[in-house]
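Architecture and fold: a report
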Amino acid sequence: QVQLVESGGGLVQPGGSLRLSCAASGSIFSINAMGWYRQAPGKQRELVAAITSGGSTNYADSVKGRFTISRDNAWNAVYLQMNSLKPEDTAVYYCNADLVRSYGGNSYNYWGQGTQVTVSS
């Protein structure tokens with residue numbers, strides 16, 4: 001069994017900051033890419049940021065320069081530092097990991113349960 005557990009969401013004023021954390025646990029051999037997605041009410045889930053095992057990153061245009069993704073491979077963890085938050089960043093944020101559970105096995109996608117981020121005055 002594999003679990004992704006997120007933390008760090010909450011209510012913040014426009015211009016404020018939040019840091020999301022996600023830790024993967026369970027039967028894990030290796031983790032390829034990890035990322036953060038978000039889904040606002042009435043909208044499709046979208047990629048916010050992703051990072052490979054080697055540290056290469058990519059970001060949605062809407063968050064470039066404001067959000068930073070990082071990971072700690074030793075702890076199977078990924079983080080999202082969110083600065084200069086805007087009301088349009090309000091959404092449920094989901095952690096995602098593409099991982100292999102055993103040597104020679106296939107990689108599969110796993111999702112966290114989501115954490116709410118609300119940006120409002």
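One can find the structure itself at the top, above this paragraph.
Everything quoted here is computed from the prediction, not taken from an experiment. (Residues numbered from 1 in each chain as written. Predicted model: local features only at pLDDT ≥ 70, side-chain atom pairs only at ≥ 80, totals over all residues. Heavy atoms only, no water.)

A word on the side chain of Arg38. Within the fold, Arg38 resides in strand β4 (residues 30–39). A distance of 3.0 Å separates the side chain of Arg38 from the side chain of Asp89, its partner in a polar contact. A distance of 2.9 Å separates polar atoms of two side chains, one belonging to Arg38 and the other to Tyr93. For Arg38, the residues in contact, after removing those within four places along its chain, are Gln44, Arg45, Glu46, Val48, Ser62, Val63, Phe67, Glu88, Asp89, Ala91, Val92 and Tyr93. (Helix = DSSP H or I, 4+ residues; strand = E, 2+ residues; numbered from the N terminus. Polar contact = N/O pair within 3.5 Å; in protein donor to acceptor, adjacent residues only side chain to side chain. Contact = heavy atoms within 4.5 Å.)

Of the two faces of strand β11 (residues 115–119), the one lined by Thr115, Val117 and Val119 is fully buried and the one lined by Gln116 and Thr118 carries no buried residue. Note that strand β2 (residues 10–12) and β11 share 3 bridges and pair parallel. When the sheet's bridge partners are listed, Leu11 is paired in β11 with Thr118. Strand direction decides the pairing type here: strand β9 (residues 91–100) and β11, joined by 3 bridges, are antiparallel. (Buried < 20%, exposed > 50% of the residue type's maximum accessible area, 1.4 Å probe, protein only. Pairing = 2+ DSSP bridges.)

It is worth spelling out the nonpolar core at this point. Generally speaking, nonpolar side chains in soluble globular proteins are found buried as a group. Counting 30 residues, the largest nonpolar core has Trp36, Val48, Phe67, Val78, Leu80, Met82 and Tyr93 as its most contacted members. Beyond its immediate sequence surroundings of up to four residues, Met82 is in contact with Gly16, Ser17, Leu18, Leu20, Arg66, Phe67, Tyr93 and Val117. (Core = buried A, V, L, I, M, F, W, Y, C linked by side-chain atoms within 4.5 Å.)

Here we come to the side chain of Arg66. Positionally, Arg66 belongs in the loop between β6 (57–59) and β7 (67–72). Among all residues touching Arg66, those that are not within four sequence positions of it are Gln81, Met82, Asn83, Ser84, Leu85, Lys86 and Asp89.

Strand order across the open sheet formed by 4 strands is β1-β3-β8-β7, with antiparallel pairing between neighbours. Only two strands of the sheet have a single partner each, and these edge strands are β1 (2–7) and β7. On average, each strand axis in the sheet is tilted by 15° relative to the strand beside it, whichever way the strands run. Where β7 lies against strand β8 (residues 77–82), 6 bridges are found, and the strand directions are antiparallel. Note that in β8 the partner of Phe67 across the bridge is Met82. (Axes fitted to C-alpha atoms, helices over the stretch in contact; angles between N-to-C directions.)

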